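Given next are the chains, with one letter for each unit.
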Amino acid sequence: MKQIILYFFALAVAFAATAAEQVGADIRFSLLPVAGDELSEQVMTTVDGKLRQALTRTEAVTDNPVSAFAVRPTLSVSDAASTEGMMMDMTRVKGELTLASFGTVDGNVYYSVTIPLTATATGGREEAMRKLAHSIKPTDPVFVRFVRKSREKIVKWYEEHGDTLYIDLPGTPQQAPAPEVQPDPEPVAVPETVTPAPEPESAPAPVPAAPTPRVKLSHPDAYGFKVLSCKGLSSGAQVKILCEFVNYKTVYDRMSFSITKAFDDNGYNFDYPEMLVREGRYAYIDVPRDIPVKIELTIRNVKPSVKKFSYIHLEFDRYTVEIYDLPIIWE
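Because the structure is predicted, anything quoted here is derived from the model rather than measured. (Residues numbered from 1 in each chain as written. Predicted model: local features only at pLDDT ≥ 70, side-chain atom pairs only at ≥ 80, totals over all residues. Heavy atoms only, no water.)

Phi angles above zero are rare outside glycine, and E279 is one such case at about 70 degrees. Along the chain, E279 falls in the loop between strand 9 (275-277) and strand 10 (282-286). Residue classification places E279 among the partly exposed positions, given a relative accessible area of 24%. With phi around 50 degrees, D317 is a residue other than glycine that occupies positive phi space. (Helix = DSSP H or I, 4+ residues; strand = E, 2+ residues; numbered from the N terminus. Buried < 20%, exposed > 50% of the residue type's maximum accessible area, 1.4 Å probe, protein only.)

Structure follows, in structure tokens:
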């Protein structure tokens with residue numbers, strides 16, 4: 001009898017654990033590039049690969065550019081020591097890998113975890129950092145707990161605040177189907193008529209050129225950026241900004257772009273859902289070296305009375321672009 005009771009007790013615990021794991025199981029996270037000081041491209045690529053393996057094992061990662069949730073990893077080094085004068089130089093580094101799950105719309109952080117890391121390697125700091133990155137184990141249970149806790153915190157937050165839980169950002173426009181191609185009509189013969197030549201019109205008065213915006217780059221030696229056009233669509237109450245980006249020597253050739261701030265000439269501060277990069281809250285964009293890449297920004301809920309944007313702030317990886325006094329050409 002005692003064994004039967006223990007059996008059903010264990011079965012109830014198992015069902016409870018399974019139910020806990022199912023909370024928010026459909027929530028997926030975009031993985032942002034790892035942040036940190038003095039991290040080489042090889043170290044950052046290794047960390048990114050390890051984290052993608054870990055989150056893929058829990059079915060928690062997505063490449064959807066309009067995902068409502070994301071994971072921000074940060075790798076910080078707290079101590080680095082080297083032994084010199086011996087036959088082989090050795091370097092030991094200690095660091096912490098911090099993962100934070102947050103909402104891409106409001107920036108609200110739901111859960112975070114810090115994983116201590118240590119590594120010792122022959123050579124200098126870079127060799128030790130590479131070994132530190134390789135020491136991350138995708139099978140570590142800490143990643144499973146991180147995903148489970150993040151999902152639970154998200155579901156609980158939305159239940160307490162009575163909001164609708166969106167897996168993807170709401171209001172993302174869908175691509176319209178291609179119009180049906182109609183055959184060309186048969187040509188119709190039209191009798192030729194002769195009309196007198198019109199009187200020459202006087203040349204219109206020259207239209208003054210719109211003022212060019214002022215663009216400020218955080219690292220002008222690493223990349224170039226310019227605004228090609230800024231068109232307002234009165235029917236949709238939105239503005240399309242076409243930009244051109246050139247990568248000279250940034251750390252990554254694929255980065256996550258996002259608009260973090262935008263103000264019009266009336267001082268209105270646009271909210272996160274109103275500021276899009278390639279129709280998403282943020283967008284991963286390939287930027288190979290020395291190749292001009294077109295990037296379209298969209299700002300919604302813009303009144304046709306607005307003449308210009310007084311300020312726009314764009315972020316990607318560790319870099320920023322600031323645009324001042326951008327005039328709007330309404331169509």
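Alright, that's what it looks like, and here's the rest.
Ordered by their spatial adjacency, four strands build an open sheet running 1-2-3-4, and the pairing between neighbours is mixed. One side of each edge strand has no neighbouring strand; the edge strands of this open sheet are strand 1 (30-31) and strand 4 (109-122). In terms of strand pairing, strand 1 meets strand 2 (residues 69-83) through two bridges, oriented parallel. Bridge assignment links S30 to a residue of strand 2, and that residue is A70. Of the strands in this sheet, strand 2, strand 3 (90-103) and strand 4 are in contact with helix 3 (residues 125-134), which crosses strand 4 at around 130 degrees. Of the strands in this sheet, strand 2, strand 3 and strand 4 touch helix 4 (residues 141-161), which is tilted by about 165 degrees from strand 4. (Pairing = 2+ DSSP bridges. Contact = heavy atoms within 4.5 Å. Axes fitted to C-alpha atoms, helices over the stretch in contact; angles between N-to-C directions.)

Moving on, we come to helix 3. The set of residues buried in helix 3 consists of A128, M129, L132 and A133. End-on, the buried residues of helix 3 take up no more than an arc of 140 degrees, which puts them together on one face. Buried residues along helix 3 sit against helix 2 (41-57), strand 2, strand 3 and strand 4. (Arc of directions from axis to C-beta.)

So, about the sheet that holds strand 9. Read across the open sheet, the five strands follow the order 9-11-7-6-14; overall the sheet is mixed. A strand with exactly one partner marks an edge of an open sheet, and here the two such strands are strand 9 and strand 14 (329-330).

Turning our attention to the pattern of salt bridges. All chains considered together, the criterion is met by twelve salt bridges. Its salt-bridge partner being E279, residue K240 comes within 2.5 Å of it at the nearest N-O pair. Taken together, the residues span a long stretch of sequence, with K240 in strand 7 (residues 238-247) and E279 in the loop between strand 9 and strand 10 at a distance of 39 residues. R254 is the partner of D286 in a salt bridge, and the nearest nitrogen-oxygen pair spans 3.4 Å. (Salt bridge = Lys/Arg side-chain N within 4 Å of Asp/Glu carboxyl O.)

Turning to the nonpolar core, a few remarks are in order. Grouped together as the largest cluster of nonpolar side chains are 73 residues, with contacts concentrated most on L75, I241, F257 and F309. Residue contacts for I241: discarding those within four places in its chain leaves V227, S229, C230, I295, E296, L297, I299, F309, I312 and L326. (Core = buried A, V, L, I, M, F, W, Y, C linked by side-chain atoms within 4.5 Å.)

All right, on to the environment of D37 then. Take D37: it is sitting in the loop between strand 1 and helix 2. Once the C-alpha coordinates of D37 and L75 are considered, the two residues, 38 residues apart in sequence, prove to be 8.1 Å apart. Non-local contacts of D37, meaning those with residues more than four positions away in its chain, are made with L75 and R125.

This paragraph deals with the packing of aromatic side chains. Considering all chains together, one arrives at 17 aromatic pairs under this definition. Where W157 meets Y158, the ring centres are 5.1 Å apart and the plane angle is 70 degrees; that geometry is what we call edge-to-face. For Y158, a relative accessible area of 15% translates into the label buried. Ring centres of F257 and F316 lie 4.6 Å apart, and the angle between their planes is 15 degrees; on these two criteria the pair is classed as stacked. Taken together, the positions of F257 in strand 8 (residues 254-264) and F316 in strand 12 (residues 308-316) put the pair 59 residues apart, joining distant regions of the chain. Residue class for F257 comes out buried when judged on its relative accessible area of 0%. Following the ring pairs from residue to residue traces out a cluster consisting of F29, F69, Y110, W157 and Y158. A cation over a ring is seen here: R72 above F102, with NZ or CZ 4.1 Å from the ring centre. (Phe/Tyr/Trp six-rings, centres within 6.5 Å; stacked < 30°, edge-to-face > 60°. Lys NZ or Arg CZ within 6 Å of the ring centre and 35° of its normal.)

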